[in-house]
Structures are given as C-alpha cells and as structure tokens.
Amino acid sequence: MALRPLHDRVLVKRLESEAKTAGGIILPDTAQEKPSEGEVLAVGTGVRGEDGKVTPLDVKAGDKILFGKWSGTEVKVDGVDLLIMKESDIMGIIE
C-alpha cells in the first residue's frame, strides 16, 4: 500500500460487524449498519502547534479504535475500502 496520511490524519480499515443478531437472526448485507470499529493502518507525523513543535499522535498502527458513525472520508486503495480521518474523530482505543 502506498498511502501515508499527513499531519494529524489516520488511515483506518473498518472491522467487519456480526452478521447474526443475539437471537440468531442472520442479517443480509443491506440491513447491516457500517461498523464503527476499525484498525489503524497508518498515522501521520502529528499536529504542529503554535510554537512550531510537532506533537505526535496518541494512536499507532495496529490499534483497534472506535470512531463516530459519519467520521472520515472513504477512499479505495488497491481495491480495499479504507477511511482517512482526523485523530480528533477517534473516540477511543479498544484494548
């Protein structure tokens, strides 16, 4: 993959959601919501502050994260659907 995010941007791959409900009903693809969990594939260098210093991001490649439903911009790289979003759109890291 030849895409590196800039500044405070993060490249994320969505994690697949469950296709079955707790009651055992199988949901078709069209009825499923887009998952709001993902894996960080790449991160930018960080945010440049007023003083010119670069502050590194809190997330790193490989982290599993939660993000908002409408967060980020969808892109397709090498046939894979990915998201590019700002670090501020990330709500938390799943441990």
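In case you missed it, the structure is sitting above this.
Remember, it's a predicted structure, so these values are computed and weren't measured experimentally.

How each quantity is defined
All residue numbers refer to positions counted from 1 along the written sequence of the respective chain. Reporting in this predicted model follows two pLDDT cut-offs: at least 70 for local features of residues, and 80 or more for side-chain atom pairs to be given and counted; totals over whole chains, interfaces and linings ignore these cut-offs and use all residues. Computation of side-chain values: all heavy atoms of the structure, hydrogens and water removed. We count a salt bridge whenever a side-chain nitrogen from Lys or Arg sits within 4 Å of a carboxyl oxygen from Asp or Glu. Here a strand is any run of E in DSSP of at least two residues, a helix any run of H or I of at least four, and the numbering for each starts at the N terminus. The buried label applies to any residue whose accessible area, calculated with a 1.4 Å probe on protein chains only, is under 20% of its type's maximum; exposed applies above 50%, and partly exposed to all values in between. The pairing criterion is simple: DSSP has to find at least two bridges between the two strands. Where helices are involved, their axes are fitted lines through C-alpha atoms of the stretch in contact, as for all axes, and angles between N-to-C directions lie from 0 to 180°.

A.B. asks: Help me understand the pattern of salt bridges, please; the structure alone is not making it clear to me.
C.D. replies: In this structure the tally under the stated criterion is four salt bridges. In this structure, the salt-bridge partner of E74 is R14, at a minimum N-O distance of 3.7 Å. Of this pair, E74 sits in strand β6 (residues 73-77) while R14 sits in strand β1 (residues 9-14), and the two are 60 residues apart along the sequence. With relative accessibility at 19%, the residue R14 sits in the buried group. Of the charged contacts, one joins K76 and D81 as a salt bridge, the two residues approaching to 3.9 Å between their closest N and O atoms. Of the two residues, K76 and D81, neither departs from the other in class, the shared state being exposed.

A.B. asks: What should I look at first to understand the sheet that holds strand β5 (residues 64-67) in this one?
C.D. replies: Where strands meet in a sheet, backbone hydrogen bonds hold them as pairs that are either parallel or antiparallel. Ordered in space as β6-β7-β1-β2-β5-β8, the six strands form an open sheet in which the pairing is antiparallel. At either margin of the open sheet sits one strand with a lone partner, and together these are β6 and β8 (90-94). For this sheet the average axis-to-axis angle between neighbouring strands, irrespective of direction, equals 45°. Both strand β2 (residues 37-43) and β5 contribute to a ladder of three bridges, which runs antiparallel. In the strand pairing of β5, E39 is matched with K64.

A.B. asks: So what exactly am I meant to see when it comes to the pairing of β1 here?
C.D. replies: In regular strands, side chains alternate between the two faces of the sheet. Both β1 and strand β7 (residues 80-86) contribute to a ladder of four bridges, which runs antiparallel. Note on β7: the bridge partner recorded for V12 is L83. Across five bridges, the pairing between β1 and β2 is antiparallel. Bridge pairing links L11 to A42 in β2.

A.B. asks: Can you walk me through unusual backbone geometry in this structure?
C.D. replies: Leave glycine aside and you will find that most residues have negative phi; peptide bonds, for their part, are mostly trans. Despite not being glycine, H7 shows a phi value in the positive range, around 50°. Residue position: H7 is located in the segment before β1. Despite not being glycine, D78 shows a phi value in the positive range, around 55°. Mapped onto the secondary structure, D78 falls in the loop between β6 and β7. Judged by its relative accessible area of 65%, D78 is exposed.

So yeah, pure geometry; function would need other evidence.
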